[in-house]
Amino acid sequence: MKSWLGIVAVAALASVPLWLRDPYLLNALITTGIFIICAMSLNLLLGFTGQLSLGHIAFFGIGAYVSALTSLGFDVGLPGGFRIVHEPWPPMTGFALAVLASAFCGYLVGRLSFRVRGAYFVIVTISFAEVVRLVALNWVELTQGPLALTNIPPMEIGWAGLESFVFRTKLQNYYLVLVVAVISYILIARLVGSHFGRAMRGLMENETLAVSVGIDVTRTLTLAAVVSAGIAGAAGSLYAHYMKIIDPEVFAFINTVTMVIMVITGGKGSLAGPIVGGLVFGLMPVFLRPVMAPEAQWIAYGGALIAILFVMPRGIVPSLTARRLRSASTASDTFVERGVKEGA
């Protein structure tokens with residue numbers, strides 16, 4: 001049943017460009033889709049291990065910068081008079097390196113920070129994101145600092161001996177983001193359904209009991225951090241090649257807050273939660289902008305967040321699922337009672 005629902009949802013999303021002719025709305029869907037991929041990666045940590053990372057935007061930014069610099073090339077000096085000269089490589093190579101670099105950073109952060117818990121872990125992740133932001137801001141020779149990296153080439157897919165395909169239009173980028181989102185969803189679902197996923201949930205629910213049955217805490221949480229960071233890096237690469245410009249503002253704390261809102265309101269610990277929450281809060285500003293002043297938009301945004309969490313404290317997807325199960329259970333009990341009375 002769930003697989004059929006997933007197929008229907010993907011088919012519905014794939015059909016959107018066929019009837020949506022507004023370039024502005026299509027652009028909003030593309031950027032929202034990129035942040036939904038980030039929210040799904042954050043949900044792997046927050047929803048299935050219980051670890052709140054408020055520095056998750058760092059992996060997104062690392063992926064964006066690695067992919068952009070790989071595609072643009074650079075010439076940077078090092079201490080001792082050495083220089084590193086890199087010629088531009090195809091954007092697809094930049095995408096792969098963005099995933100690997102972000103995953104490696106996730107591994108380092110995981111190995112170092114998963115020895116602490118609670119507020120200490122949150123502080124470590126925020127500090128990591130701030131350090132990365134300062135590097136991007138001040139290493140002007142490499143990143144152009146506040147001047148931004150510009151003229152980033154669009155994403156391109158090609159193999160030796162075959163003609164390359166360049167994602168130039170919004171329509172092409174929409175389907176590219178959709179494909180990456182579906183692959184990310186499947187990867188997270190397979191991981192959550194594996195023995196590592198059961199170990200992650202065990203650590204979240206009762207770490208002492210999980211350790212007593214032989215679950216390696218650091219190894220399990222680090223694996224989740226690596227996969228989560230790699231997916232966030234993929235989203236960052238898509239963002240850089242779609243926007244064609246990237247600057248240190250990509251590390252802004254508000255972007256992490258946006259991801260957390262998407263996960264919490266959609267339903268942390270549910271695979272579909274970040275998607276639903278992302279669509280709601282990713283597209284809400286688009287529809288509010290023509291009818292409200294900027295200040296009123298933020299008030300409406302916050303009011304909607306409070307209202308959703310007040311009515312559905314567990315998030316949209318878990319709350320609706322629980323209500324549907326209760327309704328089905330009530331209908332089943334009523335049917336049984338009628339059968340007993342008729343038999344009597």
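In this convention, every chain numbers its residues from 1, walking through the sequence in written order. Selection of residues for local features in this predicted model requires a pLDDT of at least 70, selection of side-chain atom pairs for listing and counting requires 80 or more, and totals for whole chains, interfaces and linings are taken over all residues. As a rule here, side-chain values come from all non-hydrogen atoms in the structure, and water together with hydrogens is ignored.

(A) Summary view of the pattern of salt bridges. Should a side-chain nitrogen of Lys or Arg be within 4 Å of a carboxyl oxygen of Asp or Glu, the pair is scored as a salt bridge. Summed over the entire model, instances satisfying the criterion amount to three salt bridges. A salt bridge links D75 to R83, with the nearest nitrogen and oxygen atoms 3.0 Å apart. A relative accessible area of 49% means that R83 is categorised as partly exposed. Salt-bridge contacts for E141 lead to R83; the nearest nitrogen and oxygen are separated by 2.9 Å. Of this pair, E141 sits in helix α6 (residues 140-143) while R83 sits in strand β2 (residues 83-86), and the two are 58 residues apart along the sequence. Under the relative-accessibility criterion, E141 is labelled partly exposed at 40%. Note on exposure labels: buried denotes an accessible area under 20% of the residue type's maximum, exposed denotes more than 50%, and partly exposed covers the range between, all computed with a 1.4 Å probe on protein chains only. Helix numbering and strand numbering both begin at the N terminus, where a helix is a DSSP run of H or I of at least 4 residues and a strand a DSSP run of E of at least 2.

(B) Region of interest: the packing of helix α3 (residues 57-72) against helix α10 (residues 217-243). Interaxial angle, 0 to 180 degrees, is taken between N-to-C directions of lines fitted to C-alpha atoms, where a helix line uses only the stretch in contact. Direction vectors running N to C along α3 and α10 enclose 50°, while the axes themselves pass 6 Å from each other. Accordingly, the angle class assigned to the pair α3 and α10 is oblique. Judged by the sense of rotation from one axis to the other, the crossing of α3 with α10 is right-handed. Contact residues: α3 offers F59, F60, G63, A64, S67, A68 and S71, while α10 offers A229, A232, G233, A235, G236, S237, Y239, A240 and H241. In this classification, the charged set is Asp, Glu, Lys and Arg, the nonpolar set is Ala, Val, Leu, Ile, Met, Phe, Trp, Tyr, Cys and Pro, and all remaining amino acids, among them Gly, are polar. In terms of residue class, the contact of α3 with α10 is made up of nine nonpolar, seven polar and no charged. Roughly parallel covers angles under 35 degrees, roughly antiparallel covers those over 145, roughly perpendicular covers 65 to 115, and oblique covers all other angles. Take the far helix as your reference; a near helix turned counterclockwise from it by less than a right angle gives a left-handed crossing, and one turned clockwise gives a right-handed crossing. Any pair of residues with heavy atoms lying within 4.5 Å of one another is described as a contacting pair.

(C) Main features of helix α5 (residues 119-138). A helix is expected to span 1.5 Å for every residue after the first. Along its 20 residues, α5 runs 28 Å from first to last C-alpha, staying within 8% of the 28 Å computed at 1.5 Å per residue. Within the span of α5, buried status applies to F121, V122, T125, A129, V132 and A136. Within α5, the buried residues cover an arc of 110° as seen down the axis, which keeps them to one side. Facing away from the buried side of α5, by more than 90 degrees, are the exposed residues A119, Y120, I123, V131 and N138. Lining the buried residues of α5 we find α3, α4 (91-113) and α6. The directions considered for the arc are those from the helix axis to the C-beta atoms.

(D) Spatial organisation of the packing of α3 against α4. Where α3 meets α4, the closest approach of the two axes is 8 Å, and the angle between their N-to-C directions is 145°. The handedness of the crossing between α3 and α4 is right-handed. On α4, the residues that touch F59, I62, G63, V66, S67, T70 and S71 of α3 are P91, T93, G94, F95, L97, A98, A101, S102, C105, G106 and V109. Classifying every residue of the contact of α3 with α4 by side-chain character gives 10 nonpolar, eight polar and no charged.

(E) Inspection of unusual backbone geometry at higher detail. Of note in this structure, Q144 is not a glycine but carries a positive phi near 70°. Along the chain, Q144 falls in the loop between α6 and β3 (149-150). One non-glycine residue with positive phi stands out, namely A148, at about 75°. Here A148 is to be found in the loop between α6 and β3. Here A148 falls in the buried class, since its relative accessible area comes to 8%.

(F) Up close: the pairing of β2. Pairing between two strands is assigned when DSSP locates at least 2 bridges connecting them. Pairing of strand β1 (residues 74-77) with β2 involves four bridges; the strand directions are antiparallel. Paired with V76 across the two strands is I84, which belongs to β2.

(G) Quick look at the packing of aromatic side chains. Geometry of aromatic contacts follows a simple scheme: Phe, Tyr and Trp rings, the Trp one being its six-membered ring, pair when their centres are within 6.5 Å, and the pair is stacked under 30 degrees between planes, edge-to-face over 60, tilted otherwise. Applying the stated criterion to the full structure yields seven aromatic pairs. Ring centres of F60 and Y239 lie 5.4 Å apart, and the angle between their planes is 55°; on these two criteria the pair is classed as tilted. Linking F60 in helix α3 with Y239 in helix α10, this pair joins segments that are 179 residues apart in sequence. Neither F60 nor Y239 differs from the other in exposure class; each is buried. Taking 6.0 Å as the distance between ring centres and 10° as the angle between the ring planes, the aromatic pair formed by Y65 and F251 counts as stacked. Highlighted residues: Y65 in helix α3 and F251 in the loop between β6 (245-246) and α11 (253-266), separated in sequence by 186 residues. Accessibility assignment for this pair places Y65 and F251 in one class, buried. Taken together, F35, F60 and Y239 form an aromatic cluster joined through their ring pairs.

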